[in-house]
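Structural overview for review
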Amino acid sequence: MLCPECRNPNLTENDFYHTWKPPSKLCRKCYRNQINLRVLQDAQVKDPDKAVRIESYRSERELRGPAPVGHHWCGKCQSFRPTISFHSEAIKRSGWCRGCGSKVSVIRSMNLKKRAIAHMGGACQRCGFAGHWAAFVFHHRDPAKKETGWGGDGMRKHTWDKIVPELEKCTLLCQCCHAIVHSRFDENGNDNPEYVAT
């Protein structure tokens, strides 16, 4: 079979969309190039900013060349990564490898927690500690009213509007004070008056 666009004599049936009715006359590569050109021309008329982004992306692809076998391009770390480093959906959507996706998720969670800490006053409400964000815990005053915690699929996975009502049930404590509050006994072995069962 011969593509009328590139006229490459080495093409096989698999290089064409042969299952189409009628079959494509252009090879897969030329057909995709034609579609991309139409998208670019349409963007130049309707959205010039999008057209600039498309041209920039095409230039980057030409510079980096074809992907090695079994690899995909990560748009975040700007390098070819083994296909196993990607979630199957990420290849179709964000194009980010697992490592970059996880890092973005951690940063989002960190910024959300910092915002929650600031919302709660920015200091431990028991001892006054106001240090590193990772040292803080949102302690539910009444465990019976607790709908979700912070970690896992808890508050950090929700929107801010859903987080605030849960924070209203909490007291901001540092890790040390949180451990003391959940300790059944004080330092002398007597019942802890602050004890709250988990």
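Everything numeric in this text was worked out from a predicted model, so none of it was measured.

Quick word on the overall build of the protein
Scanning the protein for helices and strands turns up six helices and four strands. When the helices and strands of the protein are read in sequence order from the N terminus, they spell out α-α-β-β-α-α-β-α-β-α. Against the compact-globule benchmark of 16 Å for 198 residues, the protein has a radius of gyration of 28 Å, which places it well outside the compact range. Across its three principal axes, the protein shows a C-alpha extent of roughly 90 × 35 × 35 Å.

Considering the packing of aromatic side chains
Following the criterion strictly, the structure yields two aromatic pairs and no others. Geometrically, the ring pair formed by Trp73 and Phe80 is edge-to-face, given 5.0 Å between the ring centres and 75° between the ring planes. The interplanar angle of 40° and the centroid separation of 5.4 Å between the aromatic rings of Phe129 and Phe136 together place this pair among those described as tilted. With relative accessibility at 32%, the residue Phe129 sits in the partly exposed group. One residue, Lys76, lies across the ring of Trp96, its end atom 5.2 Å from the ring centre. One Lys or Arg, Arg115, reaches over the ring of Trp160 and ends 4.1 Å from the middle of that ring.

Digging into the confidence of the model for the protein
Note that predicted coordinates carrying low pLDDT should not be read in detail. On average, residues of the protein score 82 in pLDDT, and 90% of them reach the 70 mark or higher. In the model of the protein, helix H3 (residues 88-92) stands out as the element of lowest mean pLDDT, 66, in contrast to strand E4 (residues 170-174), which has the highest, 92.

Thoughts on the pairing of strand E1 (residues 71-74)
Pairing geometry for E1 and strand E2 (residues 79-82), over four bridges, is antiparallel. Note on E2: the bridge partner recorded for His72 is Arg81. Hairpin connection from E1 to E2: four residues lie between these consecutive antiparallel strands, with Gln78 at a positive phi of about 55°.

Brief notes about the nonpolar core
With 18 residues, the main nonpolar core has Phe138, Trp150, Ile163 and Leu167 as its most contacted residues. At the level of elements, helix H4 (98-119), strand E3 (136-140), helix H5 (160-167), E4 and helix H6 (175-181) are the ones that each hand at least two residues to this core. At four residues, E4 tops the list of elements feeding residues into this core. What Leu167 contacts, discounting residues up to four positions off in sequence, is Ala116, His119, Met120, Phe138, Met155 and Trp160. Core analysis: the second largest hydrophobic core is formed by six residues, Cys3, Leu11, Leu26 and Cys27 among them.

Points about the side chain of Ser109
One can find Ser109 in helix H4. When near neighbours in sequence (up to four residues on either side) are disregarded, Ser109 contacts Trp150 and Arg156.

Focus: the environment of Glu60
Relative to the helices and strands, Glu60 is located in helix H2 (residues 48-64). In this structure, the C-alpha to C-alpha distance between Glu60 and Met155, residues 95 residues apart in sequence, is 39 Å.

Here's the deal with H5
Along H5, the residues classified as buried are Trp160, Ile163, Glu166 and Leu167. Buried residues of H5, viewed axially, fall in a sector of 120°; they line one side. Exposed positions of H5 whose direction lies more than 90 degrees from the buried face are Asp161 and Lys162. On the buried face of H5, the contacting elements are H4, E3 and E4.

Parameters and conventions
Residues numbered from 1 in each chain as written. Predicted model: local features only at pLDDT ≥ 70, side-chain atom pairs only at ≥ 80, totals over all residues. Heavy atoms only, no water. Helix = DSSP H or I, 4+ residues; strand = E, 2+ residues; numbered from the N terminus. Rg over C-alpha atoms; globule rule 2.2 N^0.38 Å. Phe/Tyr/Trp six-rings, centres within 6.5 Å; stacked < 30°, edge-to-face > 60°. Buried < 20%, exposed > 50% of the residue type's maximum accessible area, 1.4 Å probe, protein only. Lys NZ or Arg CZ within 6 Å of the ring centre and 35° of its normal. pLDDT = per-residue confidence, 0-100. Pairing = 2+ DSSP bridges. Core = buried A, V, L, I, M, F, W, Y, C linked by side-chain atoms within 4.5 Å. Contact = heavy atoms within 4.5 Å. Arc of directions from axis to C-beta.

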